[in-house]
Amino acid sequence: MAIPPSLDAAETPGPRRKKILFGILRLALALGLAGFIAQIKLDYIEAYFYDLRTRIRPAPATTGHLEMIFVDPVTIRDLKRSPGFGAHARLLEILSTASARAIVYDLDPTQLKGSDQDRARFLRVAAGMPNLLFLTDDLEMNGEEGKLRFPAPFDKLRVAPGPKSSDTSNFAKDGVTRRFLISYQDRPTAHVELARLFRPRIADTEKVRGRFSFLGTEQSHINFRPPRSYPESSLSDLIDGHESAARFRDRIVLIGQDTQMSERDYARTPYSRESVGMRSAEVHANIIDTLLRNDAPARAPLWLNLFFIAVVSVLTVHVVFAMKPTRGLVILAFAFAGFTFLNFFLFWPFAWWVSLAHPLLAFFLCYYFFIPYRLIIENRRSWEIYQKHRLLQQVEELKTNFISMMSHDLKTPIARIQGMTDIIQRDPTPLSNGQREALDTIRASGDDLLKFINAILQYGRIEAQQVPVRRQSRDINVILLDVIRRHEFLAKLKRIRLIDELEPLFPIPVDPELMGQVFSNLIENAIKYSPEDTKVLISSEEKDGRVVVQIADQGPGIPPDEIAHVFMKFFRSKNARSSTVKGSGLGLYLARYFTEINGGTLTVESSYGQGSTFTIELPLQHTPGE
Ligand code: ADP
């Protein structure tokens, strides 16, 4: 049946314009949402991804200019207490001969314990070391010059501002140290001063990679190496003489504490959010190394981040609207995996930090925002299809009923015409040749019409599921022979030989009338479509527990592109339609239906131009339900 135009996929200019408009609307929505998403603060999630990227990449190299000395548990065990002025004076005496570039204390000397004598000794040695400085977290503001000092008698010691910033009240607010100060109020920090010892070009702090301004300071991100990346010694090993100080030559030596007694001695870093994640002196070493290598991670420019958010939003919205759900999800998953990979790849070798949290949010928001809309559209579409389907069903039913009614009403007048023709034909009154020919034509046309009407009536019964199956135990050969006999006259007209090769069979339970009609349709087709002077072979045998009947002709065969359709109702091949062979296109449809309700199968094999073979297989036993 032809599909009504409303269901046709053909596009008219109207829907196309609507589609373009809808596409523009979708794009605008996606971009609007992208703009909105870009405004949301996602520092915490972004920092989480930042840390992840830091952790899973291979550790960056160190410069080799840094050495660490720790007051560690070994020192406390060996000295039986925390090292005081005496131990530190001894350490400084050893270091004073080591020719280090700088000796940097990351602890508060005023908190050290010891006798006055030891303290005086410590201060004396320290005063004689121009390369010694003490880091502090405090900053000296403009106008406060000279205020950054220890109280007397420590006021001669050189104190330098080297704060460790942590994201406590700004950025990710998770207490993790990720950034460092390059300068504040245009004054460089101690880290910059120390890095200049090896890299004088750092004088120009504007050249520091990844630099950004924040509340009057210039900052950048620390390119962290994992904990324990720097060579380190225990303070006690040095003062006991177990280790030589010779390796500190030309190095920056950082002295820190690792006794797990004060949180100030540690920092949370991307490697660990534990409060003792990394020792404070190590954080300073990482800052100095970042400056020395000038390899601080640099944030991608805002426009690039916006671009990625927009691309993800547009892609997600497009996928949600235009693709099948599973396919769309697979594409999105791949796109997102690709983007994440690119993100990590840019961070690892190039220390480029492209935002990941915003595109991720864009993906989720766009997906969950538009999916319900898509569902509504789909729902409406299936409702429309359902309605159209119902309408088509009703039309189909009406048509069948109408055809059945018409056919039924036509049957009586035709039967009357046939009867009258019979009477005239049997009447002994001589007729002229013309009259006899006209009578024969009336008879033949009446037969054709009756066949057609009967086929239509049977089709109507099938549609209404009103075909009763009356099984009787019958020998299929008997039914076949009867049908062959009835078609002999038709075959003779075309000089076609009907050859039967029937093996003796046991009776099987079938509806003889329906099966007779099946054979009749097939044999009639074989004769109808075959050329004159050919043969039609009708065979029967018992094979693999089934009765197999084959009707093979030497006719034109069925083209490969039509063979799948020949059992469809009202199907007639192109050749049949253009030839004079009459037919309704219902013969094979009815034959297959009747075979199947008898529990059998009907198939065809045909090579175009070389005849066709129709095969019916019937079970020996009746299985209830068939
Ligand atoms: P019809 O009334 O057209 O014969 P059928 O349902 O019996 O309808 O057959 C459907 C189509 O299958 C026919 O139009 C014809 O093209 C093809 N067909 C059926 N039997 C044969 C055959 N023995 N040889 C060639 N083509 C056949």
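Residues numbered from 1 in each chain as written. Predicted model: local features only at pLDDT ≥ 70, side-chain atom pairs only at ≥ 80, totals over all residues. Heavy atoms only, no water.

Peer 1: What exactly am I supposed to notice about the overall build of the protein here?
Peer 2: Helix and strand counts for the protein stand at 16 helices and 21 strands. Its C-alpha atoms give the protein principal-axis dimensions of about 160 × 55 × 40 Å. Here the protein holds 626 residues, and the buried ones make up 43% of them. Look at the contacts in the protein between residues 6 or more apart in sequence, and 77% of them connect residues 24 or more apart. Accessible surface, the protein as shown: approximately 34000 Å² in total, 58% of it carbon and sulfur. (Helix = DSSP H or I, 4+ residues; strand = E, 2+ residues; numbered from the N terminus. Buried < 20%, exposed > 50% of the residue type's maximum accessible area, 1.4 Å probe, protein only. Contact = heavy atoms within 4.5 Å. Areas by Shrake-Rupley, 256 points an atom, 1.4 Å probe, with all protein chains shown as cover.)

Peer 1: Quick question: what am I supposed to make of the pattern of salt bridges here?
Peer 2: Pairing is possible between side chains that carry opposite charge, provided their charged atoms lie close to one another. A complete count under the given rule lists 40 salt bridges for this structure. A salt bridge links Asp 204 to Lys 207, with the shortest nitrogen-to-oxygen separation between them at 3.1 Å. With a shortest N-O distance of 3.2 Å, Arg 495 and Glu 532 are connected by a salt bridge. Of this pair, Arg 495 sits in the loop between α13 (476-493) and β16 (497-502) while Glu 532 is found in the loop between α14 (512-529) and β18 (535-543), placing the two residues 37 residues apart along the sequence. (Salt bridge = Lys/Arg side-chain N within 4 Å of Asp/Glu carboxyl O.)

Peer 1: I tried to follow the packing of helix α9 (residues 302-322) against helix α10 (residues 325-347) on my own but got confused; where do I start?
Peer 2: For any two helices packed against each other, one specifies the crossing angle of their axes together with the interaxial distance. Close contact between α9 and α10 brings their axes to 10 Å; oriented N to C, the two are set at 165°. Compared by their axis directions, α9 and α10 come out roughly antiparallel. Helix-helix and strand crossings are classified by hand; for α9 and α10 the assignment is right-handed. Of α10, the residues touching α9 (which contributes Phe 308, Leu 315, Thr 316 and Val 319) are Gly 328, Ile 331, Leu 332, Ala 335, Phe 339 and Leu 342. Classifying every residue of the contact of α9 with α10 gives 8 nonpolar, 2 polar and no charged. (Axes fitted to C-alpha atoms, helices over the stretch in contact; angles between N-to-C directions. Parallel < 35°, antiparallel > 145°, perpendicular 65-115°, else oblique. Left-handed = near helix turned anticlockwise from the far one by under 90°. Nonpolar A, V, L, I, M, F, W, Y, C, P; charged D, E, K, R; others polar.)

Peer 1: Please explain the site of the ligand as it appears in this structure.
Peer 2: Taken together, 20 residues lie around the ligand, and Tyr 529, Asp 553, Arg 572, Ser 573 and Leu 588 are the ones closest in. Within the side chain of Ser 573, one N or O atom sits 2.6 Å away from an oxygen atom of the ligand. In the environment of the ligand, an oxygen atom lies 2.9 Å from a nitrogen or oxygen atom belonging to the backbone of Ser 584. Protein coverage of the free-state accessible area of the ligand, which is 530 Å², stands at 97%. Mapped onto the shell around the ligand, the elements with two or more residues apiece are α14, α16 (587-597) and β21 (612-619). Per-element accounting of the shell around the ligand gives the leading share, 4 residues, to α14. Residue composition of the shell around the ligand, by class: 9 nonpolar, 8 polar and 3 charged. (Near = heavy atom within 4 Å. Polar contact = N/O pair within 3.5 Å; in protein donor to acceptor, adjacent residues only side chain to side chain.)

Peer 1: How should the domain arrangement of the protein be read in this particular structure?
Peer 2: Size of an interface: often given as the accessible area lost when the parts come together. Splitting the protein by domain gives domain 1 (1-59 + 303-466), domain 2 (61-294) and domain 3 (470-619). For domain 2 versus domain 3, the separation of C-alpha centres amounts to 101 Å. (Domains from an automatic or database assignment.)

Peer 1: Even after reading the chapter, I still don't get a nonpolar patch on the surface, so can you show me in this structure?
Peer 2: On the surface, a nonpolar cluster with roughly 430 Å² of combined accessible area is contributed by Phe 341, Phe 345, Phe 350 and Trp 352. Structurally, the position occupied by Phe 345 is in helix α10. On the basis of relative accessible area, Phe 345 is assigned to the partly exposed category, the value being 37%. (Patch = residues over 30% accessible without salt bridge, like charges linked within 9 Å, V, L, I, M, F, W, Y side chains within 5 Å.)

Peer 1: Help me out: how do you make sense of the environment of Phe 489 in this one?
Peer 2: One can find Phe 489 in helix α13. The class of Phe 489 is exposed, set by a relative accessible area of 61%. Measuring from C-alpha to C-alpha, the distance between Phe 489 and Cys 366 comes to 76 Å, with 123 residues separating the pair along the chain.

Peer 1: So what exactly am I meant to see when it comes to the packing of aromatic side chains here?
Peer 2: The description of an aromatic ring pair uses the distance of the two centres, along with the angle that the planes make with each other. Taken as a whole and judged by the stated rule, the model has 28 aromatic pairs. Seen in terms of ring centroids, Phe 171 and Phe 214 are 4.8 Å apart; in terms of plane orientation they differ by 50°. Their pairing is tilted. With a gap of 43 residues between them, Phe 171 in the loop between β4 (159-161) and β5 (179-184) and Phe 214 in strand β7 (residues 212-214) connect regions that are remote in the sequence. Take Phe 171: its relative accessible area is 28%, and that puts it in the partly exposed class. Relative accessible area serves as the criterion here: at 21%, Phe 214 is assigned to the partly exposed category. Among the aromatic residues, those joined into a cluster by ring pairs are Phe 307, Phe 308, Phe 336, Phe 339, Phe 363, Phe 364, Tyr 367 and Tyr 368. For Arg 299, the ring lying beneath its charged end belongs to Trp 353, and the centroid distance is 4.0 Å. (Phe/Tyr/Trp six-rings, centres within 6.5 Å; stacked < 30°, edge-to-face > 60°. Lys NZ or Arg CZ within 6 Å of the ring centre and 35° of its normal.)

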